[in-house]
Amino acid sequence: MKVAFIGLGNMGASLAKAVAKEVAPKDLLLVNRSPQKVEEFISQYGGTVSHLQQAFEEAEVIFLGVKPYQICPLLEEYQEVLTRRSNLLLVSMAAGLELEKMAGVVKNEGVGLIRIMPNTPVAISQGVISLARSQAVTDQQVAQVKELLAGAGALYEIEETLMDSATAVAGCGPAFVYQMIEAMADAGVALGLPREKALQMAAQTFQGASQMVLETGEHPARLRDAVCSSGGSTIAGVNRLEQVGLRGDIIAGVEAAYKRTQEMGQEAGRN
């Protein structure tokens with residue numbers, strides 16, 4: 001099976017790195033406007049230098065790693081090739097761009113369309129990838145994509161109507177977590193900890209607490225209560241965070257990200 005990546009930006013390259021472990025170098029077709037970036041990727045992970053025409057004609061799975069407003073013009077440019085392809089799967093990672101909009105350009109039911117939203121930890125195989133599919137996509141094709149991206153992190157299939165929500169939570173979420181890690185580390189420094197140790201301790205605490213949620217299946221509130229002894233320091237800190245509105249601020253941040261994701265989709269649809 002030949003797999004193509006059109007665009008090797010941060011996200012495209014991270015996913016291509018995972019896919020490179022699953023396919024032979026000759027079957028990984030890499031297209032990018034910067035030849036140097038392609039050569040650098042190949043020197044580290046393997047793959048083959050390619051071009052747009054070859055990717056659209058030969059690949060069975062094509063990952064589209066270009067900007068949302070560039071997707072539809074790109075598909076229009078190669079519409080003649082797309083109309084005669086069958087058993088082709090196009091995987092878009094463009095925020096806000098709906099599958100229906102892409103289908104209106106492709107105009108070929110033999111081309112399956114998948115929309116994914118990875119987050120940046122896919123670069124270290126710890127990412128979250130949300131996936132939605134068009135009606136033409138089979139369970140076998142979804143399984144193929146899951147297998148290709150297995151080395152990138154956890155993949156969750158959802159309805160497309162929930163994709164913007166997943167983008168706001170998981171796609172944008174790492175930035176929110178980084179802010180919280182930084183704040184906890186700064187507090188540790190203010191209280192006398194060396195900065196490097198404060199940062200490591202804060203980051204490890206987030207990692208451990210997250211793993212507790214995933215492995216125990218317990219609700220975060222129950223796990224929090226288990227840390228809060230009566231009259232202790234943890235409950236004092238929790239109460240203060242409630243007073244300053246930490247939870248409300250996080251919810252507001254996710255909602256703002258959701259709103260902007262929808263706006264980006266509307267902008268992409270107008271182009």
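Structure: above.
What counts, and where the lines are drawn
Residues numbered from 1 in each chain as written. Predicted model: local features only at pLDDT ≥ 70, side-chain atom pairs only at ≥ 80, totals over all residues. Heavy atoms only, no water. Phe/Tyr/Trp six-rings, centres within 6.5 Å; stacked < 30°, edge-to-face > 60°. Helix = DSSP H or I, 4+ residues; strand = E, 2+ residues; numbered from the N terminus. Buried < 20%, exposed > 50% of the residue type's maximum accessible area, 1.4 Å probe, protein only. Pairing = 2+ DSSP bridges. Right-handed = clockwise from strand over helix to strand, strands pointing away. Core = buried A, V, L, I, M, F, W, Y, C linked by side-chain atoms within 4.5 Å. Contact = heavy atoms within 4.5 Å. Salt bridge = Lys/Arg side-chain N within 4 Å of Asp/Glu carboxyl O. Axes fitted to C-alpha atoms, helices over the stretch in contact; angles between N-to-C directions.

Undergrad: Just checking my understanding: could you explain the packing of aromatic side chains for this structure?
TA: This structure, assessed with the given rule, holds three aromatic pairs. Considering the side-chain rings of Phe41 and Tyr45, the 5.0 Å spacing of their centres and the 55 degrees angle between planes classify their relative orientation as tilted. One end of the pair is Phe41 and the other is Tyr45, both in helix 2 (residues 35-45) and four residues apart, which spans about a single turn. Aromatic pair Phe56 and Tyr78: ring centres 4.8 Å apart, planes at 15 degrees, arrangement stacked. Residue Phe56 is located in helix 3 (residues 52-58), and its partner Tyr78 is located in the loop between helix 4 (68-77) and helix 5 (79-83); the two are separated by 22 residues in the primary sequence.

Undergrad: Looking at this structure, I do not really get the pairing of strand 5 (residues 88-92). What am I missing?
TA: Working note: regular strand, side chains alternate between the two faces of the sheet. Most of strand 5 is tucked away, with five of its five residues classed as buried. The two faces of strand 5 match: Leu88, Leu90 and Ser92 on one face and Leu89 and Val91 on the other face are all buried. Where strand 4 (residues 61-64) lies against strand 5, four bridges are found, and the strand directions are parallel. The residue bridging Leu64 from the neighbouring strand is Ser92, located in strand 5. Pairing analysis gives five bridges linking strand 5 to strand 6 (residues 111-118), with the strands arranged parallel. Looking across to strand 6, one finds that Val91 is bridged to Ile114. For the crossover from strand 5 across helix 6 (residues 99-106) to strand 6, the handedness is right-handed.

Undergrad: What's the story with the nonpolar core in this structure? I'm lost.
TA: Where a protein is soluble and globular, its nonpolar side chains tend to be buried together. The biggest cluster of nonpolar side chains holds 29 residues, and the ones touching the most others in it are Phe5, Leu15, Val19, Phe63, Ile114 and Ile116. At four residues, helix 1 (residues 10-19) tops the list of elements feeding residues into this core. Once you skip the residues sitting within four places of it in the chain, Leu15 turns out to touch Phe5, Met93, Ile116, Pro118, Val122, Ile129, Leu149 and Ala152.

Undergrad: Could you clarify how one ought to interpret the pattern of salt bridges in this entry?
TA: Between side chains of opposite charge, a pair can form when the charged atoms approach closely. According to the stated counting rule, one finds 13 salt bridges in the structure shown. In this structure, Glu57 and Arg84 form a salt bridge, with 3.7 Å as the shortest nitrogen-oxygen distance. Placement of Glu57 in helix 3 and of Arg84 in the loop between helix 5 and strand 5 is noted, with a sequence separation of 27 residues between them. In this structure, the salt-bridge partner of Glu157 is Arg133, at a minimum N-O distance of 2.6 Å. Note that Glu157 is positioned in strand 8 (residues 153-157) and Arg133 in strand 7 (residues 127-133), a separation of 24 residues in sequence. A network of salt bridges, in which partner residues are shared, links Glu57, Glu80 and Arg84.

Undergrad: Before we go on, may I ask you to explain the sheet that holds strand 2 (residues 28-31) in this structure?
TA: The strand order across the open sheet built from eight strands is 3-2-1-4-5-6-7-8, with neighbouring strands paired in mixed fashion. Two strands lie at the open edges of the sheet, namely strand 3 (48-49) and strand 8, each paired on one side alone. With four bridges joining them, strand 1 (residues 3-6) and strand 4 adopt parallel strand pairing. For Val3, the partnering residue across the bridge sits in strand 4 and is Val61. Sheet contacts for helix 1: strand 1, strand 2, strand 4, strand 6 and strand 7; angle to strand 1, the most-contacted strand, approximately 165 degrees.

Undergrad: How should I be thinking about the environment of Tyr78 in this particular structure?
TA: We classify Tyr78 as buried; its relative accessible area is 11%. Each C-alpha atom of the pair Tyr78 and Phe56 lies 7.4 Å from the other, and the pair is 22 residues apart in sequence. With residues near it in sequence (within four places) discarded, Tyr78 still touches Leu52, Gln53 and Phe56.

Any link to function would need more than the numbers given here.
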